[in-house]
Amino acid sequence: MKKIFITPKIDYDKHNQSQTIINTEWYSYLSKLKYQAYSGYFKEEKDLIIISKNFDGLILSGGGEIFSKEKKFKNKLRDEFEIRLLKNFTKVEKPILCICRGFQLIGTKNNSKLVKTKNHIKTNHKIYNTKKNNIFNVRELNTNSFHKYMFKKLDKNFEVFYVSKDKSVEIAKIKNKKIFCFMFHPERKNQSQKNIDLFLKKIFK
C-alpha cells in the first residue's frame, strides 16, 4: 500500500504551545483510495530527506492562509516547512498534490498573482476542461469551493486544465514536473467525486 505524507495546519493552544492539526477526513478519504496517510511537522533537514525517500507522494493540505495574505507566525512556519518538503519531493521526482492553500503557496512562489474571490466560499460549482487529451480527460466537473483567493492567470511554468465560469484556475500542473494543483478539496464531498478519485489515482499511480 502506497504511503502519502500530508502537511498539517500549525497553530497554538491557550498555553501558547505549538500543535499540528490535520483534518480527519484526509485519513478516511485516502484509506478509501487504498493509501496510507501520515502527517507531522519536522524542522531538521535530515527528517525531511527521510520523508521524501520513504513516502510515495506528498499532499500540501488546505485550510488557513499563506503568510503573504495573513502575516501570522504560524503561517510563516507552515510556508517554510511546505516549501522545504516540496524541494525534497521534487528532487526525488515523486508526485505532489497541492490543495487550495497549497496551490496558492506554490503559485505565488512561481510568480503568479492571487486575487480576491467572489462566491467561492462554502459552495459548489462547475469547472471546465481547457485542454484536450490531458490526463484529466473529462469535459466538466462539479466541485466544492472554499477559497478566498484565486488565480486567474498562472506563470508560464504551469499548464492549466480546468477553470470555473469566472476564470478561476481550479486544476493545474507545473510543466515537466509531477506537481499537480487543485483549488477545491478532494477529501470533502464533491458531486463529481468518482472522477476526482480517479484523478488522484492517476497522480499517485
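You'll find the structure just up there.
As the structure is a computational prediction, the values presented were derived from the model and not from experiment.

Draft legend 1. Layout of the overall build of the protein chain. In terms of regular secondary structure, the protein chain is built from five helices and 13 strands. Taken over C-alpha atoms, the radius of gyration comes to 16 Å for the protein chain, in line with the 17 Å a tight globule of 205 residues would show. Its C-alpha atoms give the protein chain principal-axis dimensions of about 45 × 35 × 30 Å. The 205 residues of the protein chain split such that 49% are buried. In the protein chain, once contacts between residues fewer than 6 apart in sequence are set aside, the share between residues at least 24 apart is 69%. A total accessible area of about 11000 Å² is found for the protein chain, and carbon and sulfur atoms account for 49% of it. Looking at charge distribution, the protein chain has the averaged site of its 45 positive side-chain charges lying 5 Å from that of its 20 negative ones.

Draft legend 2. View of the sheet that holds strand β6 (residues 96-99). Strand order across the open sheet formed by nine strands is β4-β1-β5-β6-β13-β12-β11-β8-β9, with mixed pairing between neighbours. A single partner strand is all that each edge strand has here, and the edge strands are β4 (35-39) and β9 (140-146). On average, adjacent strands in this sheet sit at an angle of 25° to one another, irrespective of strand direction. For strand β12 (residues 169-174) and strand β13 (residues 179-182), the ladder comprises three bridges, and the chain directions are antiparallel. Bridging from a neighbouring strand, K173 pairs with F180 of β13. Of the strands in this sheet, β4, β6, β9, β11 (158-164), β12 and β13 touch helix α5 (residues 193-203), which is tilted by about 160° from β13.

Draft legend 3. Up close: the side chain of H120. Counting through the fold element by element, H120 comes out in the loop between β7 (114-116) and β8 (121-129). Classification of H120 as buried rests on a relative accessible area of 2%.

Draft legend 4. Looking closely at helix α2 (residues 45-54). Considered for burial, the residues of α2 that qualify are L48, I51 and S52. Within α2, the buried residues cover an arc of 95° as seen down the axis, which keeps them to one side. Opposite the buried face of α2, by more than 90 degrees, sit the exposed residues K46 and K53. Buried-residue contacts for α2 involve β1 (2-7) and α3 (73-91).

Rules used in this analysis
Residues numbered from 1 in each chain as written. Predicted model: local features only at pLDDT ≥ 70, side-chain atom pairs only at ≥ 80, totals over all residues. Heavy atoms only, no water. Helix = DSSP H or I, 4+ residues; strand = E, 2+ residues; numbered from the N terminus. Rg over C-alpha atoms; globule rule 2.2 N^0.38 Å. Buried < 20%, exposed > 50% of the residue type's maximum accessible area, 1.4 Å probe, protein only. Contact = heavy atoms within 4.5 Å. Areas by Shrake-Rupley, 256 points an atom, 1.4 Å probe, with all protein chains shown as cover. Lys, Arg positive; Asp, Glu negative; His and termini not counted. Charge placed at Lys NZ, Arg CZ, Asp CG, Glu CD. Pairing = 2+ DSSP bridges. Axes fitted to C-alpha atoms, helices over the stretch in contact; angles between N-to-C directions. Arc of directions from axis to C-beta.

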